[in-house]
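Next come the chains, spelled out residue by residue.
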Amino acid sequence: MADSLWLIARFTQSSGFTPWVKRAISFRPLAIGQTIKRFNNQQFNNNKMISYKELGLVNTRKMFAKAVDGGYAIPAFNFNNMEQLQAIIMAAVETKSPVILQVSKGARNYANQTLLRYMAQGAVEYAKELGCAHPEIVLHLDHGDSFETCKSCIDMGFSSVMIDGSALPYDENVALTKKVVDYAHQYDVTVEGELGVLAGVEDEVSAAESHYTKPEEVIDFVTKTGVDSLAISIGTSHGAYKFTPEQCTVDPATGRLVPPPLAFDVLEAIEKKLPGFPIVLHGSSSVPQDEVDTINKYGGALKAAVGIPEEQLRKAAKSAVCKINIDSDSRLAMTAAIRKTFAEKPAEFDPRKYLGPARDNMKKLYVHKIINVLGSNDKLEEA
Ligand code: G3H
Ligand code: 13P
Ligand code: ZN
């Protein structure tokens, strides 16, 4: 009772409420009581710092240490919608794999950061419902572009953030990354930094050319910033068009484009400088040609799309590369399934009838990546 009186007093004191609202209080105590509760919940959510630990999420520290030791990589899958998230969780549970759910700037603009955060919280419960008693799920900000964005994600329950200062001059990258690390570590949130520039064209992440990471910079960067993991540039790039046809050779047997190999010499030099330090690869979609063919067969126009061959990613996963980012492959799997359904069942208009097959196709892709490329299956501490 005392609580309710205090709430009413606080509500009526608020300068933003018009006299008719205050008048209504005296006439509709029950309805107003509910309004006050809603108002206070909103205030609570706006002000309160939410720890990812309360949401059942984990940070990357232990996960990465185990992956580096064990010679495998953790999948970092981007999500923008419910079907993608369901497919990721179904695949991770089925394969008993830890997983990183990534939220990009494009995803935040499209779906809303708060909604995505609540979806990730729901994903933990969903994984348990699917039979995984102890899921290891990281909610990670992908390509954070400012301290403010990173802070806002940390404050609302992300367990890991990337601060991407790779386009900045070196000293500015160090200063910005350190600022994020200093804030994040107060809350046991892990931070990924980046050195070197990836080429590629995507909605929110783009650069005309790549610049490999300079091994001579990595010790200084990691020491000065205190980052928990380092994204490097060794020839991967964002999107479905990672290389121009001129950069590729042609496989005479299939006529397919064969991309140039990754710069494993640069990776080895970095590993020598930072033994056992967690390394991250962005832009690691393989652009499965069967999905590209399906898209093109059913009216798409993806010409000369080419990705990173899976053998090269398998080789990288066995090294200190312990996080591999995959987004475009999921987009291709989703688009291929939707195009096929539309072509084969033109009368269909229930979104569940084309998003369902899209979800199945993405799940198949995620399971394949986990088992056959990254090797993170059966790596949960406790299933
Ligand atoms: O690294 C980039 C990711 O694929 C996200 O791209 O900003 O278009 O969502 P996006
Ligand atoms: P892809 O475009 O190769 O899937 O890369 C995704 C990525 O790096 C997300 O940060
Ligand atoms: Zn990326």
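The structure we're discussing is the one just above.
Residues numbered from 1 in each chain as written. Chains lettered and ligands numbered in written order. Predicted model: local features only at pLDDT ≥ 70, side-chain atom pairs only at ≥ 80, totals over all residues. Heavy atoms only, no water.

Taken as a whole, this structure holds one cavity of 30 Å³ or more when the rule is applied. The space that makes up the largest cavity amounts to roughly 50 Å³. Lining the largest cavity we find Ile89, Ala92, Val93, Ser97, Val99, Ala127, Cys132, Pro135, Glu136, Ile137 and Leu380. When residues of the lining of the largest cavity are assigned to their parent elements, the largest contribution, three residues, is made by helix H5 (residues 82–95). Here the lining of the largest cavity is composed, by residue class, of nine nonpolar, one polar and one charged. (1 Å grid on protein atoms, 1.4 Å probe; cavity = no way out; pocket = protein on both sides within 12 Å on 5 of 7 lines; lining within 4 Å. Points joined across faces, edges and corners; volume = space filled by probe spheres on them. Helix = DSSP H or I, 4+ residues; strand = E, 2+ residues; numbered from the N terminus. Nonpolar A, V, L, I, M, F, W, Y, C, P; charged D, E, K, R; others polar.)

Right, let's talk about the side chain of Ser285 for a bit. As for its position among the elements, Ser285 is in the loop between strand S12 (279–281) and helix H12 (289–297). By relative accessible area, Ser285 is classed as buried at 2%. Polar side-chain contacts of Ser285 include one of 3.2 Å to the backbone nitrogen of Ser328. Here Ser285 is in contact with Lys242, Gly307, Ile308, Asn325, Ile326, Asp327, Ser328 and Asp329, once residues within four sequence places are set aside. (Buried < 20%, exposed > 50% of the residue type's maximum accessible area, 1.4 Å probe, protein only. Polar contact = N/O pair within 3.5 Å; in protein donor to acceptor, adjacent residues only side chain to side chain. Contact = heavy atoms within 4.5 Å.)

Our focus in this paragraph is the packing of helix H9 (residues 170–186) against helix H10 (residues 215–225). Helix packing for two helices is described by the angle between their axes and how far apart those axes are. Orientation of H9 relative to H10, taken along the N-to-C sense of each, is 35°, at an axis distance of 8 Å. Helix-helix and strand crossings are classified by hand; for H9 and H10 the assignment is right-handed. Contacts from Tyr170, Asn173, Val174, Thr177, Lys178 and Val181 in H9 reach Glu217, Asp220, Phe221, Lys224 and Thr225 in H10. Its residues assigned to classes, the contact of H9 with H10 comprises four nonpolar, three polar and four charged. (Axes fitted to C-alpha atoms, helices over the stretch in contact; angles between N-to-C directions. Left-handed = near helix turned anticlockwise from the far one by under 90°.)

With that out of the way, let us pick up the site of ligand 2. If you check the shell around ligand 2, you find 17 residues, and the closest are Asp142, Lys242, Ser285, Asp327 and Ser328. Here Asp142 contributes a side-chain N or O atom positioned 2.7 Å from an oxygen atom of ligand 2. Within the side chain of Lys242, a nitrogen or oxygen atom sits 2.5 Å from an oxygen atom of ligand 2. In terms of residue class, the shell around ligand 2 is built from one nonpolar, 12 polar and four charged. (Near = heavy atom within 4 Å.)

Let us look at H12. Considered for burial, the residues of H12 that qualify are Glu291, Val292 and Ile295. Looking straight down H12, one finds its buried side chains confined to an arc of 100°; they lie on one side. Seen from the buried face of H12, the exposed residues on the opposite side, beyond 90 degrees, are Asp290 and Lys297. Structurally, H12 contributes buried residues whose contacts are with helix H14 (328–344) and helix H15 (351–374). Count one or two residues on from H12 and you reach Gly299, which has phi positive near 100°. (Arc of directions from axis to C-beta.)

The next subject is the state of the cysteines. Counting across every chain of the model gives zero disulfides. Cys150 takes part in no disulfide bond, and the closest cysteine sulfur, belonging to Cys153, lies 7.0 Å away. (Disulfide = S-S within 2.5 Å.)

The strand order S1-S2-S3-S4-S5-S8-S12-S13 describes a closed barrel built from eight strands, whose pairing is parallel. Taken over all neighbouring pairs, the strand axes of this sheet differ in orientation by 25° on average, direction set aside. The sheet contact formed by strand S2 (residues 99–103) and strand S3 (residues 137–144) spans five bridges and is parallel. Within S3, the position partnered with Ile100 by the bridge is Val138. Lying on the sheet, H15 is in contact with strand S1 (74–78) and strand S13 (321–326); it crosses S1 at an angle near 150°. (Pairing = 2+ DSSP bridges.)

Moving on: the environment of Ala269. Position of Ala269 relative to the elements: it lies in helix H11 (residues 264–273). For Ala269, a relative accessible area of 27% translates into the label partly exposed. For the pair Ala269 and Glu216, spaced 53 residues apart in sequence, the C-alpha separation works out to 8.7 Å.

Side chains of a nonpolar character, in soluble globular proteins, are inclined to be buried together. Counting residues in hydrophobic clusters, the biggest one holds 89 residues, and the most contacted among them are Phe79, Leu101, Leu230 and Ile279. With 10 residues, H15 is the largest single contributor of residues to this core. Residues within four places of Ile279 in sequence aside, it is in contact with Leu230, Ile232, Leu267, Ile270, Ala320, Val321, Cys322 and Lys323. Counting 10 residues, the second-largest nonpolar core is a separate cluster that includes Met63, Val68, Ile74 and Ala76. (Core = buried A, V, L, I, M, F, W, Y, C linked by side-chain atoms within 4.5 Å.)

To continue, consider the coordination of the zinc ion (ligand 3). Coordination of the zinc ion (ligand 3) by the protein comes from His143 (NE2), His238 (NE2) and His282 (ND1), over a distance range of 2.1 Å. The exposure class of His143 is buried, given its relative accessible area of 10%. His238 sits in the buried class, given a relative accessible area of 10%. (Donors = N, O, S within 2.8 Å, 3.2 Å for Na, K, Ca; no water.)

Of all six residues in strand S5 (residues 190–195), six are buried; the element is thus mostly enclosed. As paired strands, strand S4 (residues 160–163) and S5 are joined by three bridges and run parallel to one another. Paired with Ser160 across the two strands is Thr190, which belongs to S5. Handedness of the crossover is the feature at issue here: the chain leaves S4, passes through H9, returns alongside S5, and the resulting connection is right-handed. One ladder, built from four bridges, connects S5 with strand S8 (residues 229–232); its direction is parallel. Counted as the bridge partner of Glu194 is Ala231 from S8. (Right-handed = clockwise from strand over helix to strand, strands pointing away.)

Fair warning: the whole summary comes from geometry, so function is off the table for now.
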